[in-house]
Amino acid sequence: MAAATPTKGNLMAAQRSRALARAGYELMDRKRNILVREMMTLLEDASAVQGEIDQVFHAAYAALARANMELGLCGRIAEGVAPDDSLDIRWRSVMGVELPHIPGHSPAPKPTYGFAYTNAAFDRAYIEFAKVKALVRRMAEIETSIYRLAEAIKKAQKRANALKNVVIPGLEDTIRSITEALEEKEREEFVRLKVIKRQNAHRRPR
């Protein structure tokens with residue numbers, strides 16, 4: 001970076017740039033802290049949901065195993081279950097970071113298979129896997145949000161570090177250099193004026 005010409009205009013410009021850089025650093029640091037808090041909350045949610053998923057998966061597969069024992073393989077029967085296209089993804093913004101949000105809850109299970117060749121064990125498996133689906137949707141929302149937050153935190157940290165460790169120190173060096181040069185000029189001008197004044201005093205007739 002070329003040295004700035006030591007003028008008062010350049011000094012004022014450098015001081016303004018430093019003020020903006022400091023404000024930018026404070027903004028980036030505040031953004032990073034808010035995003036970190038948001039991510040920590042989501043990590044706690046993820047841990048809780050994962051615990052629920054483990055329990056519900058266990059119950060769902062146990063129910064499915066029982067239904068298979070009582071009815072035989074349930075694949076043909078399961079083909080009668082209609083696909084769920086009710087997923088509604090919306091977005092919320094946290095410090096400019098867009099995070100997915102799935103409002104509300106999954107619709108209540110409504111069996112669409114025939115009851116002639118099924119029993120209570122199959123119904124139980126259907127209900128348990130409906131719970132699994134709702135929890136997986138929630139976990140997908142949380143994990144995607146955590147990933148997006150982690151990327152945004154990394155970028156904010158990188159920008160904050162660049163401002164703190166490169167931009168601001170560079171501007172301070174420029175300000176110091178210009179200030180020292182201007183002060184040196186003022187001292188030289190002061191000495192020059194003193195010399196001129198002394199010379200003029202010697203030339204006056206007595």
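Refer to the preceding data block for the structure.
Here the structure is a predicted model, which is why all the values come from computation and not from measurement.

Enquirer: For this particular structure, what's the right way to read the nonpolar core?
Expert: Looking at soluble globular proteins, one finds that nonpolar side chains tend to be buried together. Counting residues in hydrophobic clusters, the biggest one holds 19 residues, and the most contacted among them are L35, V49, V97, I142, I146 and L149. Secondary-structure elements contributing two or more residues to this core are α1 (8-71), β2 (97-101) and α3 (120-203). Counting seven residues, the second largest nonpolar core, distinct from the first, contains A156, A160, L163 and I168.

Enquirer: Even after reading the chapter, I still don't get unusual backbone geometry, so can you show me in this structure?
Expert: One non-glycine residue with positive phi stands out, namely M95, at about 55°. With respect to the helices and strands, the residue M95 is situated in the loop between β1 (90-94) and β2.

Enquirer: Honestly, the pairing of β2 in this entry has me stumped. Any pointers?
Expert: Regular strands have side chains that alternate between both faces of the sheet. Bridging between β1 and β2 involves five bridges; their strand directions are antiparallel. Bridged to R92 within β2 is L99. Counted along the chain from β1 to the antiparallel partner β2, the turn is two residues long, and its residue M95 has a positive phi close to 55°.

Enquirer: Sorry if this is basic, but what is going on with the pattern of salt bridges here?
Expert: The tally for this structure, following the rule as stated, stands at ten salt bridges. A salt bridge links R124 to E128; its shortest N-O distance comes to 3.3 Å. Within this pair, R124 and its partner E128 are both found in helix α3, separated by four residues, close to a single helical turn. The class for E128 is buried, based on a relative accessible area of 9%. One salt bridge connects R138 with E141, and the closest N-O pair in it is separated by 3.0 Å. Placement of the pair is R138 and E141 together in helix α3, with a separation of three residues, close to one helical turn. On the basis of relative accessibility, which here comes to 9%, the residue E141 falls in the buried class.

Reading guide: rules and limits
Residues numbered from 1 in each chain as written. Predicted model: local features only at pLDDT ≥ 70, side-chain atom pairs only at ≥ 80, totals over all residues. Heavy atoms only, no water. Core = buried A, V, L, I, M, F, W, Y, C linked by side-chain atoms within 4.5 Å. Buried < 20%, exposed > 50% of the residue type's maximum accessible area, 1.4 Å probe, protein only. Helix = DSSP H or I, 4+ residues; strand = E, 2+ residues; numbered from the N terminus. Pairing = 2+ DSSP bridges. Salt bridge = Lys/Arg side-chain N within 4 Å of Asp/Glu carboxyl O.

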